[in-house]
Amino acid sequence: AAGVIQSPRHLIKEKRETATLKCYPIPRHDTVYWYQQGPGQDPQFLISFYEKMQSDKGSIPDRFSAQQFSDYHSELNMSSLELGDSALYFCASSPRQDYEQYFGPGTRLTVT
Amino acid sequence: AQKVTQAQTEISVVEKEDVTLDCVYETRDTTYYLFWYKQPPSGELVFLIRRNSFDEQNEISGRYSWNFQKSTSSFNFTITASQVVDSAVYFCALSERETSGSRLTFGEGTQLTVNP
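Presented here is an overview of the structure given in this document. From a predicted model like this one, the values you see are computed outputs, not experimental measurements. (Residues numbered from 1 in each chain as written. Chains lettered and ligands numbered in written order. Predicted model: local features only at pLDDT ≥ 70, side-chain atom pairs only at ≥ 80, totals over all residues. Heavy atoms only, no water.)

## Side note on the overall build of chain A
Let me state the cut-off plainly: Numbering of helices and strands runs from the N terminus; a helix is a DSSP stretch of H or I covering at least four residues, while a strand is a stretch of E covering at least two. The atom set for the radius of gyration is the C-alpha atoms, and the globule formula is 2.2 Å times the number of residues raised to the power 0.38. Should any heavy atoms of two residues lie within 4.5 Å, those residues are considered in contact. For the accessible areas, the method is Shrake-Rupley and the probe is 1.4 Å, while residue cover comes only from the protein chains on display. We count Lys and Arg on the positive side and Asp and Glu on the negative side, and we leave His and both chain ends out. Where a charge sits is defined by one atom per residue type, namely NZ (Lys), CZ (Arg), CG (Asp) or CD (Glu).
Of the regular secondary structure elements, chain A holds 0 helices and 11 strands. Along its sequence from the N terminus, chain A presents helices and strands in the succession β-β-β-β-β-β-β-β-β-β-β. Taken over C-alpha atoms, the radius of gyration comes to 13 Å for chain A, in line with the 13 Å a tight globule of 112 residues would show. Each principal axis of the C-alpha distribution contributes one length, and for chain A these read about 35 × 25 × 25 Å. Taking all contacts inside chain A whose residues are at least 6 apart in sequence as the whole, residues at least 24 apart take part in 53%. Of the roughly 5400 Å² of accessible surface on chain A, 47% is carried by carbon and sulfur atoms. Once the 11 positive and 13 negative side-chain charges of chain A are each reduced to a mean point, those two points are 5 Å apart.

## What about the overall build of chain B?
What counts, and what does not: Summary of the burial criterion: residues with accessible area below 20% of their type's maximum are buried, those above 50% are exposed, and those between are partly exposed, where the area comes from a 1.4 Å probe applied to protein chains only.
Counting its regular elements, chain B contains 1 helix and 12 strands. Ordered by position from the N terminus, the helices and strands of chain B form the series β-β-β-β-β-β-β-β-β-β-α-β-β. A globule of 116 residues ought to have a C-alpha radius of gyration of about 13 Å, and chain B, at 14 Å, matches this closely. With the principal axes as the frame, chain B shows a C-alpha extent of 45 × 25 × 20 Å. Among the 116 residues that make up chain B, the fraction classed as buried is 47%.

## Considering the nonpolar core
Quick reminder of the rule: Residue types Ala, Val, Leu, Ile, Met, Phe, Trp, Tyr and Cys, when buried and joined through side-chain atoms within 4.5 Å, form a set referred to as a nonpolar core.
Core analysis: the biggest nonpolar cluster contains 24 residues, and Trp36, Trp66, Phe77, Tyr90 and Leu112 of chain B have the highest contact counts within it. Of all elements in the fold, only strand S2 (10–14), strand S3 (19–21), strand S5 (32–39), strand S6 (46–52), strand S8 (64–69), strand S9 (74–79), strand S10 (88–96) and strand S12 (110–115) of chain B reach the threshold of two or more residues within this core. Of all the elements, S10 of chain B adds the most residues to this core, at 4 residues. If we skip the residues at most four places from it in the chain, Phe77 of chain B touches Val19, Thr20, Leu21, Trp36, Leu48, Tyr64, Ser65, Trp66 and Tyr90 of chain B. Listed in part, the 22 residues of the second largest apolar core include Ile26, Phe49, Ala66 and Val111 of chain A.

## Let's talk about the state of the cysteines
So the rule is basically this: Pairs of cysteine sulfur atoms within 2.5 Å are identified as disulfides in what follows.
On inspection of all chains with the given rule, the structure shows 2 disulfides over all chains. Sulfur-sulfur distance for the disulfide between Cys23 of chain A and Cys91 of chain A comes to 1.7 Å. In this structure, the disulfide formed by Cys23 of chain A and Cys91 of chain A twists by about -50° around the S-S bond and is classed as left-handed. With a gap of 68 residues between them, Cys23 of chain A in strand S3 (residues 19–24) and Cys91 of chain A in strand S9 (residues 87–94) connect regions that are remote in the sequence. Cys23 of chain A sits in the buried class, given a relative accessible area of 0%. In this model, Cys23 of chain B is linked to Cys92 of chain B through a disulfide, with the two sulfur atoms separated by 2.0 Å. With the S-S dihedral at roughly -65°, the linkage between Cys23 of chain B and Cys92 of chain B falls on the left-handed side. Of the two residues, Cys23 of chain B sits in the loop between S3 and strand S4 (24–25) while Cys92 of chain B sits in strand S10, which places them 69 residues apart along the sequence. You'll find Cys23 of chain B and Cys92 of chain B in the same group, each marked buried.

## Considerations on the interface of chain A and chain B
A common way to report how large an interface is uses the accessible area buried once the components associate. The condition that has to hold: As a working definition, buried area equals the accessible area (1.4 Å probe) given up by two parts on being put together, with both sides summed. Salt bridges are identified by distance alone: a Lys or Arg side-chain nitrogen within 4 Å of an Asp or Glu carboxyl oxygen. A 3.5 Å cut-off defines polar contacts: any pair of N or O atoms within that distance qualifies, except that in protein one atom must be a possible hydrogen donor and the other a possible acceptor, and neighbouring residues in sequence count only when both atoms are side-chain atoms. Basically, the charged four are Asp, Glu, Lys and Arg, the nonpolar ten are Ala, Val, Leu, Ile, Met, Phe, Trp, Tyr, Cys and Pro, and anything else, Gly included, counts as polar.
With 19 residues of chain A at the contact, the number on the chain B side is 20 residues. Taken together, the two surfaces of chain A and chain B that pack against each other cover about 1700 Å², and 51% of this comes from carbon and sulfur. On inspection of chain A and its partner chain B, the count reaches 1 salt bridge. Across the salt bridge formed by Arg103 of chain B and Asp56 of chain A, the nearest N and O atoms sit 2.9 Å from each other. Summed over the shared surface of chain A and chain B, the number is 7 residue pairs in polar contact (both at pLDDT 80 or more). Taken together, the elements giving at least two residues each to the side of chain A that touches chain B come down to strand S4 (31–37), strand S6 (53–57), S9 and strand S10 (102–103) of chain A. Of the residues that constitute the side of chain A that touches chain B, the class distribution is 9 nonpolar, 5 polar and 5 charged.

So, to be careful, I would describe these as geometric facts and stop short of saying anything about function.
As structure tokens, this is what we get:
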């Protein structure tokens, strides 16, 4: 069965650089979520999209932005990267809101 | 205030032992959903179960079983006859439709180590 695809899987950036993370949801899933997981921590919700519209926003820094495109893939744009942004970033998709969320393998971002 | 509490930070068992992972949640919503996810050392998050607030029926799936009790706001997870491959971090999560859309709020996770 198709799963959530995230790219890249690993990314190394320097402070103050920008990064773009991509997410391709499971086909026919209309809701996409982004989470950030720091080392040894639980995942924290960043933002979600339902039918290409932002549906909910969590503790996402103003330096980050995201969008969902017409083909339902989503991108998380991160600017002015800080050391504290180093984390595992997960994208998840769901067939409907409140249904189970299926997570991608994550993008491990390291900021040096 | 923590909405999902997993009081057990780490649990270590010997293979074939039964183990129960505790989860206590807090919500004012009448409609909510509870989940369990597994995160093995490879890092991915694997969906295990979803339960809505109106369905208190316990569920069994192979060696896994879940006990949902609204009266105590708990959603505990039991692994019967544990195996080394069960070693992972297990997260309990809550979704509150009325309060916070369908985002997942995770507990801090329980690191389960199953020793041979």
